[in-house]
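An overview of the molecular structure
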Amino acid sequence: MPILIAILIAAAAAVVFGAAGFVLGSFYNKKTSEAKIGSATEQAKKIVSDAINQAEAKKKEAILEAKDEIHKQRTETERELRERRTEVQRQERRIIQKEESLDKKTENLERKEETLNKKIKEAEERLVDVENLKREQFDKLERISGFSKEQAKELLLKSLESDLTHEKAVRIMDFTQKTKDEADSLAREIVATAIQRCAADHAAEATVSVVQLPNDEMKGRIIGREGRNIRTLETITGVDLIIDDTPEAITVSSFDPVRREIARLTLEKLMSDGRIHPAKIEEMYEKAKKEVEATIKQTGERAVVDAGVNGIHPEIVKLLGKLKYRTSFGQNVLNHSLEVSYLAGLMAAELGANVKTAKRAGLLHDIGKALDHEMDGSHIELGVEFAKKYKEGEQVVHAIHAHHGDVEAKTVVACLVQAADAISAARPGARRENVQNYIKRLEKLEEIAKSFDGVDNSFAIQAGREIRIMVKPEKISDDRMTLLAREVAQKIEQELEYPGQIKVNLIRESRAVGYAK
């Protein structure tokens, strides 16, 4: 329609202009004007006719497109309605099926609940019958035997007491023997190893070092800005630095004695140099580490020379040097090892045994203590492992394995090392224990043994490493001895604190005396 209006306006404009041209041209040439007017009129009519035809064509085309679009939308709407109707029907069918399934399940549950209630009721009735029957049987048994329940129980226990004692003793002996046959060792000194590593009385002595400072200002420099210096020190050295209110002192704490010594030297070098920052800390740590490694090597070589042994692998020499920084109950392990080596050599010379092997085994018997801070296992297991690794002789390896009784000593050298180790470690004063406490411990040990019924006398021997108990044969049988030894050992563990282990040795002797006249 807008196109038709435009065409009509254009035609009207053309007519107006044509008429104006006619009026003006009448002054010049009437015939020419008439011809032009006629031509313009025909042209205007043609334009109007063409515009009308085009408008009609576009109108028809628009109507057809609208009809197609309406038909398309109607078809799409009908399809969607069919799909939705189908989906609704499908959902209805599913809901109906679920309702039917739920109805069936509800019926089944009701039937099962009813059956279960019946069974529970029957079980309760039977339980009542059983209790009544049990009560009747007990009453009948009491009437027949003439004993009450408690009296019969007491009589039975008394009659079985001796049999049970014998059975317990046999079972304990069988179990002990089976354990000895299947395991490398029954006793691995678990308690002793734990005490050595974290003894409360000597923890400060064994796990910390104190570094003296020139002034309290040095503490701030060691801590550094926002703690970067102390964090670097702890990370690199692997120790804990304790900075408290103690004037002009820092405590270095670590269970690894070598790390603690390296950290101590690093701090001293940093204070001497005066420049404390992360790069300098790393530099001084490497220098201190090399110095400690050199000291360890020199100490190990000197210990080998002092002991008078030769041909030891360089790695074992380094481990010997590490023992300089290891303490056990306040006793320096390297000095202890040298002392054991001397004692074992002297005793071997007296007995005519191999002196060199005895001194070598004595020197290396605690070599595992240089590793037990770094690796899992007791110092005995680690010592045996490294002695085998570096091709030590069988007698030396066996002496290391047997020096605490983990396995039976089968050679003279092993027995000598056991004795020398006991003498060095357990003598009064060796492990920072004064004579009064030592005597009190022995007296307490004998007192515990005498507190048991049937004990005639007791004697603490081998510096408290063994307690010998004389029992009365008329009160303590052979079967009862096994149980008594176990009870004494348990009471000693509960009431005493001691290094290593204590052997409980019971002796039962029957004598018959006759006189000929």
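Here's a quick rundown of the structure. The structure presented is a predicted model; accordingly, all values stated were derived computationally and were not measured.

What counts, and at which threshold
Residues numbered from 1 in each chain as written. Predicted model: local features only at pLDDT ≥ 70, side-chain atom pairs only at ≥ 80, totals over all residues. Heavy atoms only, no water. Core = buried A, V, L, I, M, F, W, Y, C linked by side-chain atoms within 4.5 Å. Buried < 20%, exposed > 50% of the residue type's maximum accessible area, 1.4 Å probe, protein only. Helix = DSSP H or I, 4+ residues; strand = E, 2+ residues; numbered from the N terminus. Contact = heavy atoms within 4.5 Å. Pairing = 2+ DSSP bridges. Axes fitted to C-alpha atoms, helices over the stretch in contact; angles between N-to-C directions. Phe/Tyr/Trp six-rings, centres within 6.5 Å; stacked < 30°, edge-to-face > 60°. Lys NZ or Arg CZ within 6 Å of the ring centre and 35° of its normal.

Counting 35 residues, the largest nonpolar core has I312, L320, L323, L363 and L364 as the members making the most contacts within it. Broken down by secondary-structure element, the contributors of at least two residues to this core are α9 (278–307), α10 (314–322), α11 (333–351), α12 (355–364), α13 (379–389), α14 (394–402) and α15 (412–426). Excluding residues that lie within four positions of it along the chain, L323 makes contacts with N332, V333, L334, S337, D366, I367, K369 and A370. Of all hydrophobic cores here, the second largest spans 21 residues; its members include A449, V455, V471 and Y498.

Despite not being glycine, K391 has its phi angle at roughly 65 degrees, a positive value. One can find K391 in the loop between α13 and α14. Accessibility expressed as a relative area gives 72% for K391, which makes it exposed.

Bringing the pairing of strand β7 (residues 466–471) into the picture now. Here strand β6 (residues 455–461) pairs with β7 via 6 bridges, running antiparallel. Residue pairing in the sheet places S458 in a bridge with I469 of β7. Inspection of the sheet shows β7 paired to strand β8 (residues 503–508) by 6 bridges, in the parallel sense. Across the sheet, the residue bridging to E466 is K503, located in β8.

What follows concerns the sheet that holds β6. The strand order across the open sheet formed by 3 strands is β6-β7-β8, and the pairing between neighbours is mixed. The sheet terminates laterally at β6 and β8, the two strands that pair on one side only. If you compare each strand with its neighbour and ignore which way they point, the axes differ by 20 degrees on average.

Evaluated as defined, the whole model comprises 1 aromatic pair. Here the aromatic rings of F386 and Y390 are separated by 6.2 Å at their centres, their planes lie at 40 degrees, and the arrangement is tilted. Since its relative accessible area comes to 16%, Y390 is described here as buried. Cation over ring: K491 sits above F452, and NZ or CZ is 5.4 Å from the ring centre.

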